Amino acid sequence: MPVTAGQLVGYLPPAGFPADREEVLAAAVDHHAPPVVLELLLDLPAHRHWPDLPALCSALGTPTAATRS
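A. Region of the structure containing the overall build of the protein chain. The secondary structure content of the protein chain amounts to four helices and two strands. For the protein chain, the succession of helices and strands along the chain, N to C, is α-β-α-α-β-α. Considering the protein chain as a whole, with its 69 residues, one finds that 35% of them fall into the buried category. Considering only residue pairs separated by 6 or more positions, the protein chain has 54% of its internal contacts joining residues 24 or more positions apart. With an accessible surface of roughly 4,100 Å², the protein chain has 59% of that area assigned to carbon and sulfur atoms.

Shown next, in the form of structure tokens:
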């Protein structure tokens, strides 16, 4: 089952952006993200920064309609 943007919101607080893959992973671990979320985030490019959660969701191919502002 794919991870939704709504699920990511609970594990990646907006205050944690901009962030790179390591920072996103650290936030997800700190917020007790399940293995399926961590595995998805591990597939992100290592040296790219995302300005916000919608940009990260776009990179993951996850629709952003469920994200909060």
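B. Region of the structure containing the nonpolar core. L8, L12, F17, V24, L41, L53 and L56 are the most contacted members of the largest nonpolar core, which has 20 residues in total. Looking at this core, the elements that each hand over two or more residues are α1 (5–11), α2 (21–30), α3 (35–42) and α4 (53–60). Contact partners of L56, with chain neighbours within four places excluded, come to L12, F17, V24, L41, L44 and W50.

C. Structural detail: the environment of A46. Mapped onto the fold, A46 is located in the loop between α3 and β2 (49–50). Under the relative-accessibility criterion, A46 is labelled partly exposed at 31%. C-alpha separation for the pair A46 and R21, spaced 25 residues apart in sequence, amounts to 5.6 Å.

D. Broad picture of the pattern of salt bridges. Going through the model one piece at a time under the given rule, you end up with one salt bridge. A salt bridge links E22 to R21, with the shortest nitrogen-to-oxygen separation between them at 3.3 Å. Note on R21: relative accessible area 18%, which makes it buried.

E. Here's a closer look at the side chain of T62. Structurally, the position occupied by T62 is in the segment after α4. Relative accessible area serves as the criterion here: at 7%, T62 is assigned to the buried category. Setting aside residues up to four positions removed in sequence, T62 forms contacts with V3, T4, A5 and C57.

F. Structural view of the side chain of R21. Its location among the elements puts R21 in helix α2. Within the local environment of R21, its side chain forms a polar contact with the backbone oxygen of L44, the two atoms lying 3.2 Å apart. Those residues in contact with R21 that sit more than four places away from it in its chain are L41, L42, L44, P45, A46, R48 and W50.

Cut-offs used in this document
Residues numbered from 1 in each chain as written. Predicted model: local features only at pLDDT ≥ 70, side-chain atom pairs only at ≥ 80, totals over all residues. Heavy atoms only, no water. Helix = DSSP H or I, 4+ residues; strand = E, 2+ residues; numbered from the N terminus. Buried < 20%, exposed > 50% of the residue type's maximum accessible area, 1.4 Å probe, protein only. Contact = heavy atoms within 4.5 Å. Areas by Shrake-Rupley, 256 points an atom, 1.4 Å probe, with all protein chains shown as cover. Core = buried A, V, L, I, M, F, W, Y, C linked by side-chain atoms within 4.5 Å. Salt bridge = Lys/Arg side-chain N within 4 Å of Asp/Glu carboxyl O. Polar contact = N/O pair within 3.5 Å; in protein donor to acceptor, adjacent residues only side chain to side chain.

Purely geometric numbers; function is a separate question.
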